[in-house]
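# Working through the structure, step by step
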Amino acid sequence: MSVPASDRSSADDYALVLNAGSSSLKFCVYQRPEAEAWCLEARGQIEGIGTAPRLSAKDDGGERLADEKLDASVRDGRTALDALAAWLRSRYGGSRRVLGVGHRVVHGGAGFAGATIVTPPVLEELRKLVPLAPLHQPHNLAAIEAVADQLPGVPQVACFDTAFHRGQPAVAELVPLPRDITRAGVQRYGFHGLSYEYIASVLPEVAPEIAHGRVIVAHLGSGASLCALRDGKSVDSTFGFTALDGLCMGTRPGALDPGIVLHLFQGLGLSAKDVESMLYKKSGLLGISGTSNDMRDLVGSDEPAARLAVDYFVYRAAREIGGLAAVLGGIDGLVFTAGIGENSPEIRRRIGESCAWLGLDLDREANDGKGPRISRKGSRVSAWVVPTNEELMIARHTGRLLGISGTRPSRAEARSGR
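This write-up is about the structure you can find in this document.

On to the overall build of the chain. Looking only at helices and strands, the chain has 16 helices and 13 strands in total. The C-alpha radius of gyration computed for the chain amounts to 21 Å, which stays within 12% of the reference 22 Å derived for 418 residues, consistent with globular compactness. Taking the principal axes of its C-alpha atoms as reference, the chain extends roughly 60 × 55 × 45 Å. Within the chain, buried positions represent 52% of all 418 residues. For the chain, contacts bridging at least 24 residues in sequence account for 63% of all contacts bridging at least 6.

This is the structure:
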């Protein structure tokens, strides 16, 4: 990942996209775009950081580029970045320049309504948001600091999961607590914004008839949420102050009576650490089923608790879709995306059937074939499957801010979701 002294640009130069977590470092390598489309060269991750680190990577066609066990010294985000840098050097040598590094940063607060070039003052502001996203923000910022040490001359861009939702009506961002609390930053922020922004950007190509209308996007994965779009802009979402709100998720409960949290503290005497662990890691599908947070396991199980977990997931999704439909004054289209949304015909079918009252007539054959359109011709509300690509959204923001281009989807990107 070394940078030649020459400032000359080359078609072989590339941008790096990083998504740093507590135990993994996901990355993408994008070649300098021709015209307006980025070319994905590699996608991979270092997982098992601190336990059994392993680096894996594939090219855009799915061919394996790397699958190797790493030394146990890869124990944190900084050492994981060292390992990634070594792999990039071995693959690309020193002749190709890193044009910029784009980062997924979970929280941008109320102050960042779009991606921004990282500067010391920006980094300081982002550190202030750590208490709002303690499980994610520290790792995101640590990756920025590590890249700054390794590549001091390479610009970095922070892309926020919250930014796409800024500009929502004030009533959608409001938390009904005393003003001295809300003035301190307690409001509904919304997350998964990079995913929703990507979907909004490709809808004019994939589903032009709904792109400028009233659309609900269902980002259904281990983390799950819904977003209401009007003319491609976010007007409301199911996530709120944190990523615990809204839908039932793999290990997170979604919407929860605050009195239950008080009971965990006051009635059961649990500590803050115990409650945090329960809400983030032990609830949701895992908590209901008692066996798994993986929808694939639960859909294939005959165990009553597993079936109840699936039932509740569908129930919550259908209920929240109804609420967002009311916010929009009706809907023109429903879009499924992310791991479950893209790959589970069973969950799409069950949610679609629960939304028949809205005018959605699902085409079972198209649904089994993954679409992209999965509603019948003549259905008043259309339904679609559109693969998301948060990494490409980060690459586009990085290119736009650094003047590298690649800000619009090509037709191939729109068709494939890449």
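So much for the structure itself; the text now carries on.
On to the environment of Arg188. Mapped onto the secondary structure, Arg188 falls in the loop between helix H5 (179-182) and helix H6 (193-206). Overall, Arg188 belongs to the buried group, its relative accessible area being 17%. As a C-alpha pair, Arg188 and Glu125 span 63 residues in sequence and 19 Å in three-dimensional space. Not counting the four nearest positions on each side in its chain, Arg188 is found in contact with Arg166, Ala172, Glu173, Leu174, Val175, Asp236, Ser237, Thr238, Phe239, Gly240 and Phe241.

The buried fraction of strand E12 (residues 333-337) is high, at five of five residues. What you see with E12 is no split at all: Gly333, Val335 and Thr337 on one side and Leu334 and Phe336 on the other are buried throughout. Here five bridges tie strand E9 (residues 214-220) to E12, and the two strands are oriented parallel to one another. When the sheet's bridge partners are listed, Ile216 is paired in E12 with Leu334. Where E12 and strand E13 (residues 382-385) come together, four bridges link them in parallel fashion. Within E13, the residue paired with Leu334 across the bridge is Ala383.

On to the packing of aromatic side chains. A full pass over the atoms with the stated rule returns seven aromatic pairs. Note on Tyr189 and Phe241: the rings are 6.2 Å apart at their centroids and 35 degrees apart in plane angle, and the pair reads as tilted. Note that Tyr189 is positioned in the loop between H5 and H6 and Phe241 in the loop between strand E11 (233-237) and helix H7 (258-267), a separation of 52 residues in sequence. By relative accessible area, Tyr189 is classed as buried at 3%.

To continue, consider H6. The terminal C-alpha atoms of H6 lie 19 Å apart, and with 14 residues this matches the ideal 20 Å at 1.5 Å per residue to within 8%. Of all 14 residues in H6, ten are buried; the element is thus mostly enclosed.

Here the focus is the nonpolar core. If you look at the biggest cluster of nonpolar residues, it comprises 56 residues, and the most contacted ones within it are Leu126, Ile216, Leu220, Phe313, Ile321, Ile347 and Ile351. Considering each element in turn, this core owes the most residues, ten residues, to helix H11 (residues 304-328). In terms of nonpolar packing, the next biggest core, distinct from the first, is built from 34 residues, Ala15, Cys28, Val202 and Val215 among them.

Close contact between H6 and helix H15 (residues 390-402) brings their axes to 8 Å; oriented N to C, the two are set at 80 degrees. Between H6 and H15, the crossing angle belongs to the class labelled roughly perpendicular. Here Leu194, Ser195, Glu197, Tyr198, Ser201 and Val202 of H6 lie close against H15, whose contacting residues are Glu390, Leu392, Met393, Ile394, Arg396 and His397. Considered class by class, the residues forming the contact of H6 with H15 number six nonpolar, three polar and three charged.

Moving on, we come to the environment of Leu129. When you line up the elements, Leu129 lands in the loop between helix H2 (120-127) and helix H3 (137-150). When its relative accessible area of 14% is taken as the criterion, Leu129 is described as buried. Separated by 17 residues in sequence, Leu129 and Ala146 place their C-alpha atoms 19 Å apart. Apart from the residues lying within four places of it in its own chain, the contact partners of Leu129 are His107, Gly108, Gly109 and Gln137.

This brings us to the sheet that holds E11. One key point about sheets: their strands pair by backbone hydrogen bonds, in either a parallel or an antiparallel sense. One open sheet holds the five strands; their spatial order is E11-E10-E9-E12-E13, and the pairing between them is mixed. The two strands at the open ends of the sheet, each matched to only one other strand, are E11 and E13. Shown here is a sheet whose adjacent strand axes are inclined to one another by a mean of 25 degrees, direction ignored. Lying on the sheet, H11 is in contact with E9, strand E10 (224-230), E11 and E12; it crosses E10 at an angle near 20 degrees.

For H7, the side-chain oxygen to backbone nitrogen distance between the N-cap and Gly259 is 2.8 Å, and the N-cap itself is Asp257. Positive backbone phi, at 70 degrees, marks Gly269, one or two positions downstream of H7.

Thresholds applied
- The residue numbers shown here count from 1 along each chain, following its written sequence.
- Only residues with pLDDT of at least 70 get local features here, since the model is predicted, and only at 80 or more are side-chain atom pairs given and counted; chain-wide, interface and lining totals rely on the full set of residues.
- As a rule here, side-chain values cover all heavy atoms of the structure and leave hydrogens and water aside.
- Put simply, DSSP H or I for four residues or longer makes a helix, DSSP E for two residues or longer makes a strand, and each gets a number counted from the N terminus.
- All radius of gyration figures rest on C-alpha atoms, and the globule criterion is 2.2 Å times the number of residues raised to 0.38.
- Three exposure classes are used, based on accessible area relative to the maximum for each residue type with a 1.4 Å probe and protein chains only: buried under 20%, partly exposed in between, and exposed over 50%.
- Residue contacts follow a heavy-atom distance rule, with two residues in contact if any of their heavy atoms lie within 4.5 Å.
- Strands are treated as partners if at least two bridges between them are detected by DSSP.
- What counts as a ring pair is set by centres within 6.5 Å for rings of Phe, Tyr and Trp (its six-membered ring), and what kind of pair is set by the plane angle: stacked under 30 degrees, edge-to-face over 60, tilted for all other angles.
- The span one expects for a helix is its residue count, reduced by one, times 1.5 Å.
- Residues belong to a common nonpolar core when they are buried Ala, Val, Leu, Ile, Met, Phe, Trp, Tyr or Cys residues joined through side-chain atoms within 4.5 Å.
- For helices, the fitted axis covers only the stretch in contact; all axes are lines through C-alpha atoms, and the angles between them, taken along N-to-C directions, range from 0 to 180 degrees.
- Roughly parallel means an angle under 35 degrees; roughly antiparallel, over 145; roughly perpendicular, 65 to 115; everything else is oblique.
- Any residue outside Ala, Val, Leu, Ile, Met, Phe, Trp, Tyr, Cys, Pro, Asp, Glu, Lys and Arg is labelled polar, Gly included; the first ten of those are nonpolar and the last four are charged.
- Here a polar contact is taken to be a pair of N or O atoms separated by no more than 3.5 Å, where protein atoms must pair a possible hydrogen donor with a possible acceptor and residues adjacent in sequence count only if both atoms sit in side chains.

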